[in-house]
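Take a look at the letters that make up each chain.
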Amino acid sequence: MAHADAHAMHPETNTGIDNRKLAIWTFIGSECLFFASLISTYLVYKGKSLVGPFPKDIFEIPLVTFGTALLLFSSLFVVLALNGAERGKRGQMLGWLFMTILCGVFFAGMQVYEFTHFVHKGLTLQGNLFGATFFTLTGFHGTHVTLGVVWLATVFIEALRGRVTPEKAINLEIAALYWHFVDVVWIVIFPVVYLMN
Amino acid sequence: MDHRSARWRRAAGWVVVALLVVVLAGCAPAESFRQSTLNPKGDLARDIDHLFRITLYAAIGVFVLVEGALLFVLFKFRGRPDDPEPKQVHGNTTVEIIWTAIPALILAFIAVPTVRTIFDTYRVPKGPEVLQVEVIGHQWWWEFRYPQYGLTTANELHVPVGRPVALKMVTQDVLHSFWVPQFAGKRDVFQQRPTVLWFRAEEAGLYPGQCAEFCGIQHGRMAFQVQAEAPAEFDAYVARLKASGAPAPAPAATASAGGVTTASLGAQQGGPRAPAADTTPAAPAVDPLVAQGQQLFLAKGCIGCHSTDATKPMGIGPNLAGVGRRAYIAAGWLKNDDAGLTHWIREPQTVKTGVLMPNLGVTEDEAKALVAYLRTR
Amino acid sequence: MATSVLDHAPAAHAEKSGLWSWLTTVDHKKIGIMYGASAFLFFLIGGIEALLIRVQLAKPDNNFLSPELYNQLFTMHGTSMIFLAVMPLSAMYFNFFIPLHIGARDVAFPRLNAFSLWVFILGGLFLNASFLFGAAPNGGWFGYANLSSKQYSPGLNMDFWVIGLQVLGVASLAAGVNFFVTILNLRAPGMSLMRMPMFVWMSFITQVLVLLSFPVITVALILLMFDRLFGTHFYVPSGGGDPLFWQHLFWVFGHPEVYILILPSFGIISEILPVFSRKPLFGYAAMVFSGCFIAFLGFGVWSHHMFATGMGPVADTVFSLMTMLIAIPTGVKIFNWLGTTWGGSLQFRTPFYFAMGFIAMFIMGGLSGVMHSTAPADLQQTDSYFVVAHFHYVLFGGAIFALTAGAYYWWPKMFGRLLDEGLGKLHFWLMLIGFNLTFFPMHIVGLHGMPRRVYTYPAGLGFEAMNQLETVGAFVLALSILVFMVNVAKTWAAPATAPADPWNGATLEWAIPSPPPEYNFAEIPAVHGRDAYWEMKRGGAPALRQYTGPGEHIHLPNPSFWPLLAAVGVLAVFVALMLHDRTGPLGIVAAVSLLFLSIYNWAFEPAH
């Protein structure tokens, strides 16, 4: 994350896009197929569970809607943080970045609560296909959220130490790109898993 | 340079000779290839073979033309390092369009019969004259059921010549693939997703088949046979299998080798796991060896997995009704002569490591009795 | 933090040899060589597995191998040749030559490149380590469910497989991102996309395929791993799972994988033929677009591996026709290669032999491919030795011939030594004869009804003669590889005297010394057309300034130990998962910590 200075010494890229930014875009393209496969798995096995609990027995839509909203807002917050970073407004950057991380932590916490709650209600990985596909899909998304939080927190600490200057805003930008992707994936997962029943 | 070119040509000649040898070896008389797709004996296999030959001849044509062009280039345009630079050509749109279009035309020519045959392969014959067969794959043997007759057998499927056969197939465990090359292509079998296949045998004979989907340690020895026979013989076969489940007849031996001498045994088998101990002594057999074999069949626990009654499916081990007359034992692997059957009974784990059937410590004499008994089934 | 250019004059990187320098290198050329060396080792192991298989099948009812060992050997043969030999041998050329071809000093992410290499090597060693436990994977390289479930494959065998492939997937994906960015972003001024060497184009398409297909196999493997380790029922029918779903996921990956294996070879051939015909590539644009078209269609034909599952006439028809379409762009490529040689001044050097051998053999594989694109005929051919013949004509007659052509072509550039021409031609003829002797009879024996993956076959079905021939052929093939190794050894003993441009090359790697200096280009070349170096030699573009002495200050990335440690971390995480019931959560925590520690140190160490 730390060395945009080294990067600055590279000659201009052919596309005009920073290498790391292009790499993140490429990685996101690849990740799309990863989540597409997981979502397909969920859809293929939808309604194929031999025993309960079934989705209707267990989902708490309001809670998850709240989590979804948090994640959506966090995407907006990280845009504001990046804007601050690019314009050298340290306070704006740190404040919104903190809010973003907070949203991410709350979302992850919501998921931990949800998972625990579901397990208590008898939904497990092993119990039926709904449990297996649900936990796998949302679990991998949750892992991505967690990694995103860790990444953003790392940038936050760097920013606190004054290392995310406008010239190095790319360090925040690529983390933000990843964060947006994680949000967008959830925007697909949420209706597919929770609403289409 | 010249001797190098001569050496090159000589070597090329050897390659051609080697290829010819291989091709000629492959063209030995069809009878020596008993499992060949190129020697169809059923109408589905014949349709497929027809389509295959269209693609084969098209492929050979393209092959000869392109390899010919390649060889021509090699001989015609051989250069030396000090030759002047050849004309720098970057492409030719007309030529490129032509050699894009020609393969497309050839493919269109193949596509038409392909699509027609695809739909044929799924046109499963229907009607009362169609022989329905349920196929159940097991690690590593095949179970066959005739729902129209209420009969079950294993590893040797009898079908009448000329009558369409419709197969409905599942597996008991992992995926397998049912393949009798001379009658039809492969069809995989799944647990909860029955698949279908059909064929009509054109000629009487014993046709080998084999599992074609890798299914574990003994995939290599998961073979089976299809016996195509005249309708009258098939009826006799059905009658024999039915008789294996008949209530105890008079103990007199019947004339036929497959005659029912110990039919009461079948009647004893109430459920799939009827304990051997509950079995009351069978009707006295004519041959004491057979009687001893029958006792051993119970005592050694064979009965725990093998039904000898074709009307009572059991599904753990192959149904043994009519086993005495099968051409092969151990899922189409050992010749079903006395030596083969003895070997199998005594050492199944040597013949097919990993099968469910354990080595039961059957002695030579016991095996003799068991064989004698099984020959009566 | 802020590093001065002066700190990193080439002198600072003078220390080039020694184990440590290889373990920490981020130089794409060294990484390429290590890819090649390790992949060749795995290729030899896979070859020995093949020879054992051929000995077992030399006669009917043979007892040379136990059925269990046979199943392990054919599974590992397939898995090794695909993931540990052909893919990384291609990666060797990606690494060494993409930066040289596009006029760059390194790849976009040198440390990520090292990470890919180490993950690949560790994954390969991990897979092969299974032999030490007598538990090599035994469910086929395609790992079909539900045979691969814990119920039907207890033991660690398939755990090694499912973990090993995921580890290797990490390596492929990391390399995919790296080369995708490198090709798009690091081209020398003037090298537009349509001026790139064809090898770079085909490599680029390969990376796109990797990026889009490996996530799918990753998910398929994760689900299988969950089934095996955590008791889920994704592929277990008793729990409602569907083994057929595995087949769909596997082949959505598996068919693009075929093009991942062959497209780099198309690129190599497209480099070699113009040089040895002394004529530019015929129909450059058509070559590019046919490559793209093949890749695109590659994602729409996966179910042609599943005709025997009985998908219904409509699906069969769609997948049959889509598959046939692939023959058109492939045909365009073959005709364009012949068009390249047509009217040329053909130089009969070893690389050219192998390149022409590639075309001759690949046609066979392509034609048998068209033959089983027709679904009904495929019902007879699939899972028979006919298919084994087909894909060996594509992957050995195709990929291995092309990779070997590349070895003879680029050896002088990589090692500063020209391989011996006499031994090279002996290698070629032995390989061509051995190859055809091994694999041509498989067509016939397959059509005569011999299924694949059988550890033995009975006498009397007419399989004996063909199988004997195949076994003889396999040993001729092995001999040809031995000749290659002798050639390498002999050349190694000689001094490194290869000229910079031994073949009158067309591309930029021939404009710099053999072997290239660590910084590749003293001056980034200016590109004025395709075949950039031919342009320079003709005076159409300025010649390259070469290294002028120790005063030169070229900025190079620092060596780093963290990529290797991060790779160890990746493997450790997976192994901890595999053994989670023995090591408990502590193992996983330790492994994840190692991974994070390495990544953080990597991220925060100075890259330059």
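Residues numbered from 1 in each chain as written. Chains lettered and ligands numbered in written order. Predicted model: local features only at pLDDT ≥ 70, side-chain atom pairs only at ≥ 80, totals over all residues.

### Points about the overall build of chain C
So, step 1. Of regular secondary structure, chain C possesses 17 helices and 0 strands.
So, step 2. At 24 Å, chain C has a C-alpha radius of gyration in line with the 25 Å of a compact globule built from 608 residues.
So, step 3. Principal-axis analysis of the C-alpha atoms gives chain C an extent of 70 × 65 × 50 Å.
So, step 4. When burial is assessed residue by residue, chain C has 66% of its 608 residues classed as buried. (Helix = DSSP H or I, 4+ residues; strand = E, 2+ residues; numbered from the N terminus. Rg over C-alpha atoms; globule rule 2.2 N^0.38 Å. Buried ≥ 20, exposed ≤ 12 C-beta atoms within 10 Å, placed from the backbone.)

### Focus on helix H6 (residues 288–299) of chain B
Note that an α-helix has 3.6 residues per turn; residues three or four places apart therefore point the same way.
Residues and elements named next belong to chain B.
So, step 1. Along its 12 residues, H6 runs 16 Å from first to last C-alpha, staying within 8% of the 16 Å computed at 1.5 Å per residue.
So, step 2. Along H6, the residues classified as buried are Val290, Ala291, Gly293, Gln294, Leu296 and Phe297.
So, step 3. Phi turns positive, to about 85°, at Gly301, one or two residues after H6. (Expected span 1.5 Å × (residues − 1).)

### Concerning the sheet that holds strand E2 (residues 141–146) of chain B
Residues and elements named next belong to chain B.
So, step 1. Within the open sheet, the 5 strands sit side by side as E3-E2-E1-E5-E8. Their pairing is mixed. The open sheet terminates on both sides in strands that have one partner only, identified here as strand E3 (151–154) and strand E8 (195–199). Mean inter-strand twist for the sheet, computed between neighbouring axes without regard to direction, equals 25°.
So, step 2. Bridge count between strand E5 (residues 165–171) and E8: 5 bridges; the pairing is antiparallel. Opposite Val165, over in E8, you have Phe199 as the bridge partner. (Pairing = 2+ DSSP bridges. Axes fitted to C-alpha atoms, helices over the stretch in contact; angles between N-to-C directions.)

### Observations regarding the confidence of the model for chain C
All names here are of chain C.
So, step 1. Confidence along chain C averages 93 in pLDDT terms, with 96% of residues attaining 70 or more.
So, step 2. When the criterion is pLDDT under 50, residues 1–14 qualifies, and its contacts beyond four places in sequence or with other chains add up to 21 contacts.
So, step 3. For this predicted complex, the interface score ipTM comes out at 0.93, while the overall pTM is 0.92. (pLDDT = per-residue confidence, 0-100. Contact = placed C-beta atoms within 7 Å.)

### Some words on helix H7 (residues 170–195) of chain A
So, step 1. Over its 26 residues, H7 of chain A extends 36 Å from the first C-alpha to the last, a length consistent with the 38 Å expected when each residue adds 1.5 Å.
So, step 2. A maximum bend of about 30° is found in H7 of chain A at Ile189 of chain A, where proline Pro191 of chain A lies one to four positions downstream. (Bend = angle between axes of the 7 residues up to and from the residue.)

### Considering the nonpolar core
All names here are of chain C.
So, step 1. Within the largest apolar cluster, 360 residues are counted, with the highest numbers of intra-cluster contacts made by Val119, Ala220, Ile269, Ile272, Phe358 and Ala405.
So, step 2. No other element matches the 22 residues that helix H6 (residues 198–230) contributes to this core.
So, step 3. For Ile269, the residues in contact, after removing those within four places along its chain, are Trp337, Ala355, Phe358, Ala402 and Ala405. (Core = buried A, V, L, I, M, F, W, Y, C linked by C-beta atoms within 7 Å.)

### Looking at the interface of chain A and chain C
So, step 1. Each partner contributes to the interface: chain A provides 31 residues, whereas chain C provides 35 residues.
So, step 2. The element contributing the most residues to the side of chain A that touches chain C is helix H2 (residues 19–44) of chain A, with 14 residues.

### A short note on the interface of chain C and chain B
So, step 1. Across the boundary between the two partners, chain C contributes 84 residues, which contact 84 residues of chain B.
So, step 2. For the side of chain C that touches chain B, the secondary-structure elements that each account for two or more residues are helix H3 (67–101), helix H7 (243–277), helix H8 (284–298), helix H9 (313–341), helix H10 (350–371), helix H11 (375–381), helix H13 (421–447) and helix H14 (464–493) of chain C.
So, step 3. Per-element accounting of the side of chain C that touches chain B gives the leading share, 14 residues, to H9 of chain C.
So, step 4. Within the side of chain C that touches chain B, the residues separate by chemical class into 52 nonpolar, 26 polar and 6 charged. (Nonpolar A, V, L, I, M, F, W, Y, C, P; charged D, E, K, R; others polar.)

### Topic: the environment of Trp429 of chain C
Residue and element names in this part refer to chain C.
So, step 1. With respect to the element layout, Trp429 can be found in helix H13.
So, step 2. Taking the number of C-beta atoms within 10 Å as the measure of exposure, Trp429 has 20 and is therefore buried.
So, step 3. Separated by 48 residues in sequence, Trp429 and Leu477 have C-alpha atoms that sit 9.8 Å apart.

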